Amino acid sequence: MPLAAADEGEAAKAHWCRLEPLPPVVPTARGKLEFRAWFDMRRGHSGDLHVHVLRARGVEAADWSGTSDAYVVVTVVQAGEQVSHRTHTVWGTLDPEWQDAYIFRSVRRHRAHVLKFELYDRDRFGSAAPQGELRLPLPDLAAIEALGDSSWLMDPAEWEELQ
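None of the values given here were measured: they were computed from a predicted structure.

Draft legend 1. Quick look at the overall build of the protein. In terms of helices and strands, the protein carries three helices and nine strands. Across the 163 residues that make up the protein, the buried fraction comes to 40%. Considering only contacts in the protein between residues 6 or more positions apart, those separated by 24 or more positions represent 62%. A total accessible area of about 10,300 Å² is found for the protein, and carbon and sulfur atoms account for 53% of it.

Draft legend 2. Broad picture of the pairing of strand 3 (residues 68–78). Among the 11 residues in strand 3, 10 count as buried, and that is most of the element. One ladder, built from two bridges, connects strand 3 with strand 5 (residues 90–93); its direction is antiparallel. Across the sheet, A70 pairs through a bridge with V90, a residue of strand 5. Here strand 3 runs beside strand 7 (residues 114–121); their pairing, made up of eight bridges, is antiparallel. Its bridge partner lying in strand 7, V74 is registered against F117. Bridge analysis of strand 3 against strand 4 (residues 81–86) gives six bridges, and the strand direction is antiparallel. By the bridge assignment for strand 4, Q78 is matched with E81.

Draft legend 3. View of the confidence of the model for the protein. On average, the protein scores 78 in pLDDT, and the residues at 70 or more come to 66%. The element-level mean pLDDT for the protein is lowest in helix 1 (residues 3–7), coming to 49, with strand 4 highest at 95. Note on residues 1–6: pLDDT is under 50 here. Beyond four places in sequence and across chains, it has four contacts.

Draft legend 4. Region of the structure containing the side chain of D63. As for its position among the elements, D63 is in the loop between strand 2 (46–57) and strand 3. On the basis of relative accessible area, D63 is assigned to the buried category, the value being 18%. Those residues in contact with D63 that lie beyond four places of it in its chain are S68, D69, D121 and D123.

Draft legend 5. How the structure looks around the nonpolar core. Of all hydrophobic cores here, the largest spans 24 residues; its most connected members are L49, V51, V53, W98, L115 and F117. Of all the elements in the fold, those that place two or more residues in this core are strand 1 (29–43), strand 2, strand 3, strand 6 (97–108), strand 7 and strand 8 (129–137). Ignoring any residue separated from it by four or fewer positions in sequence, one finds L115 in contact with A37, L49, V51, V74, T75, V76, L134, R135, L136 and L138.

Draft legend 6. Looking closely at the environment of P130. Examined against the element boundaries, P130 turns out to sit in strand 8. For P130, a relative accessible area of 48% translates into the label partly exposed. Measuring from C-alpha to C-alpha, the distance between P130 and V72 comes to 9.8 Å, with 58 residues separating the pair along the chain.

Draft legend 7. Geometry of unusual backbone geometry. In this model, A79 sits at a positive phi of 50°, which is unusual for a non-glycine residue. By the secondary structure assignment, A79 is in the loop between strand 3 and strand 4. With a phi close to 50°, S106 is a non-glycine residue in the positive phi region. Within the secondary structure, S106 sits in strand 6.

Analysis parameters
Residues numbered from 1 in each chain as written. Predicted model: local features only at pLDDT ≥ 70, side-chain atom pairs only at ≥ 80, totals over all residues. Heavy atoms only, no water. Helix = DSSP H or I, 4+ residues; strand = E, 2+ residues; numbered from the N terminus. Buried < 20%, exposed > 50% of the residue type's maximum accessible area, 1.4 Å probe, protein only. Contact = heavy atoms within 4.5 Å. Areas by Shrake-Rupley, 256 points an atom, 1.4 Å probe, with all protein chains shown as cover. Pairing = 2+ DSSP bridges. pLDDT = per-residue confidence, 0-100. Core = buried A, V, L, I, M, F, W, Y, C linked by side-chain atoms within 4.5 Å.

Here you go:
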């Protein structure tokens, strides 16, 4: 009610309504990546980052056969430099298993440093098609470990919108 109306002696009428929380903005899921990551902090503020890429579930079909030929590129981005490792390709499935382990040496847990997973579909005749992406800030390793062994992959274009 406008304040002027209250001043003129009108009775205030209250109308109750049920407030519903807004649904969270959920990115488009492109499957679920299962991994483990932890630091071996032997050198003060830097250490070795251990990353095990275990498997993915529910990967989108990218081939005419209704499957995907998936591999993951794991990258540590720090101070403008990138170090990457690539899993082997698992052919013809929507639930690939890799069980690949990598060690990134002398990684600093700086707020601008990121651990990035990129899922690709390998084409036998051409370039790889991006399928999903996951970016995790390195200082939040406790949060990474709290995720358990998995996290949702997003559409790579949506990461650019969030930046």
